[in-house]
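Okay, here's what each chain looks like letter by letter:
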Amino acid sequence: MMIIIKDCSKSSIKAFSLLELSIVLIVIAFITSTILKASEYIETNKRINSIVEKLAYFSTAAYNFKDKFGTWPGDYNSFSVAGNSNGIIDVPGLNTGTERISAFLQMSEAGFIEGSFSAVWDSNTNFAPKADIPNSYYFFGSHLLTNVIGMDNTIQVLTLAGFNVAGVVSLDSEIPVLSAREALLIDEKIDDGKPNLGAIRANPGITSFSCYNSGVDTYQVGELGANCALYLLLTN
């Protein structure tokens, strides 16, 4: 009987070629990229939903305040800081005690929103709630309840804009804190996705064709950076 002994000193397994290794690496890179994009989409969508919920929360509180007291928050002639009850949130000035500075204080004291707010204009913006804005390009974003110069006095607005690091803001041309794509996502969830129509409007004072194209009424989603601030219109 003949016994055959196999030589195992040499591997019979064929090594991967460089081409095969390259294909494997490309597939791994594609899968990794897809996972990262999906994770980024989920996180952005989560924050967009949070913004939408906050806008709904504060706008509902403002309407409920008006239903109870007959005028908008900040304008009512009562609470620790009183307005003049003329039916609008008066625009002039960014001084302590002015109606748009005291709007959230009145809503809080009336029990329509949670939180403690001052009627003091300062760099910490304790008079208005902060906004959780995705990828904010500024120190922080904030909401504000106000009337807008040049807009119908029957319309008040809840803003989604920003303050710079010094706490300075021009309320008739708010600092943009949203990319055009983020603004579009918020607009689509609440309204019609049109920056010039409906309840959600892009601030026309800061467009410079980087937030939206007024000619075709579309957001410039290809533009990068913070180009947009939004208004949520509140009507009588």
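Everything here concerns the structure above.
Just so it is clear, the model here is predicted, and its values are computed rather than measured.

Q: Would you explain the overall build of the chain in this entry?
A: When helices and strands are counted, the chain shows 3 helices and 7 strands. For the chain, the succession of helices and strands along the chain, N to C, is α-α-β-β-β-α-β-β-β-β. Buried residues in the chain amount to 42% of all 236 residues. In the chain, the proportion of contacts linking residues at least 24 apart, taken out of those at least 6 apart, comes to 56%. Split by element, the accessible area of the chain, about 12800 Å² in all, is 59% carbon and sulfur.

Q: Would you take a moment to explain the packing of helix H1 (residues 18-69) against helix H2 (residues 99-109) for this structure?
A: A pair of packed helices is characterised by two quantities: the angle between their axes and the separation of those axes. Interaxial distance between H1 and H2 falls to 10 Å at its minimum, and their mutual angle equals 75°. Judged on the interaxial angle alone, H2 and H1 are roughly perpendicular. Listed contacts from H2 to Phe-58, Ala-61, Ala-62 and Phe-65 of H1 are Phe-104, Gln-106 and Met-107. By residue class, the composition of the contact of H1 with H2 is 6 nonpolar, 1 polar and no charged.

Q: How should I be thinking about the packing of H1 against helix H3 (residues 180-190) in this particular structure?
A: In the contact formed by H1 and H3, the axes pass within 10 Å of each other and the chain directions differ by 55°. By the angle class used here, H1 and H3 are oblique. By crossing handedness, the relation of H1 to H3 is classed as right-handed. The residues of H3 that touch H1, namely those facing Asn-45, Ile-48, Asn-49, Ile-51, Val-52 and Leu-55, are Glu-182, Leu-185, Ile-186, Lys-189 and Ile-190. Residues that form the contact of H1 with H3 fall into these classes: 7 nonpolar, 2 polar and 2 charged.

Q: Where do I start with the environment of Val-81 in this structure?
A: Mapped onto the elements of the fold, Val-81 is located in the loop between H1 and H2. When the C-alpha atoms of Val-81 and Ser-118 are compared, they prove to be 9.3 Å apart, with 37 residues separating the residues in sequence. Setting aside residues no more than four positions away along its own chain, Val-81 makes contact with Gly-97, Ser-102, Leu-105, Gln-106 and Ala-119.

Q: Please clarify how H2 should be interpreted in this entry.
A: Turn by turn, an α-helix covers 3.6 residues, leaving residues three or four places apart pointing in a common direction. Of all 11 residues in H2, 10 are buried; the element is thus mostly enclosed. Of the residues making up H2, those classed as buried are Glu-99, Arg-100, Ile-101, Ser-102, Ala-103, Phe-104, Leu-105, Gln-106, Met-107 and Ser-108.

Q: What exactly am I supposed to notice about a nonpolar patch on the surface here?
A: On the surface, a cluster of nonpolar side chains totalling about 620 Å² of accessible area is made up of Leu-19, Ile-23, Val-27, Phe-30, Ile-31 and Ile-35. Among the structural elements, Phe-30 can be located in helix H1. For Phe-30, a relative accessible area of 57% translates into the label exposed.

Q: How should the pairing of strand E7 (residues 230-235) be read in this particular structure?
A: Residues in a regular strand point their side chains to alternate faces of the sheet. In terms of burial, E7 is largely enclosed, as 5 of its 6 residues are buried. Relative to E7, strand E4 (residues 200-202) is paired through 3 bridges, and the arrangement is antiparallel. Paired with Ala-202 across the strands is Leu-230, a residue of E7.

Q: Honestly, H1 in this entry has me stumped. Any pointers?
A: Relative to the 76 Å expected for 52 residues at 1.5 Å per residue, H1 spans 76 Å between its end C-alpha atoms, a close match to the ideal helical length. Trailing H1 by a residue or two, Gly-70 shows a phi angle of about 85°, which is positive.

Procedures and definitions
- Residues numbered from 1 in each chain as written.
- Predicted model: local features only at pLDDT ≥ 70, side-chain atom pairs only at ≥ 80, totals over all residues.
- Heavy atoms only, no water.
- Helix = DSSP H or I, 4+ residues; strand = E, 2+ residues; numbered from the N terminus.
- Buried < 20%, exposed > 50% of the residue type's maximum accessible area, 1.4 Å probe, protein only.
- Contact = heavy atoms within 4.5 Å.
- Areas by Shrake-Rupley, 256 points an atom, 1.4 Å probe, with all protein chains shown as cover.
- Axes fitted to C-alpha atoms, helices over the stretch in contact; angles between N-to-C directions.
- Parallel < 35°, antiparallel > 145°, perpendicular 65-115°, else oblique.
- Nonpolar A, V, L, I, M, F, W, Y, C, P; charged D, E, K, R; others polar.
- Left-handed = near helix turned anticlockwise from the far one by under 90°.
- Patch = residues over 30% accessible without salt bridge, like charges linked within 9 Å, V, L, I, M, F, W, Y side chains within 5 Å.
- Salt bridge = Lys/Arg side-chain N within 4 Å of Asp/Glu carboxyl O.
- Pairing = 2+ DSSP bridges.
- Expected span 1.5 Å × (residues − 1).

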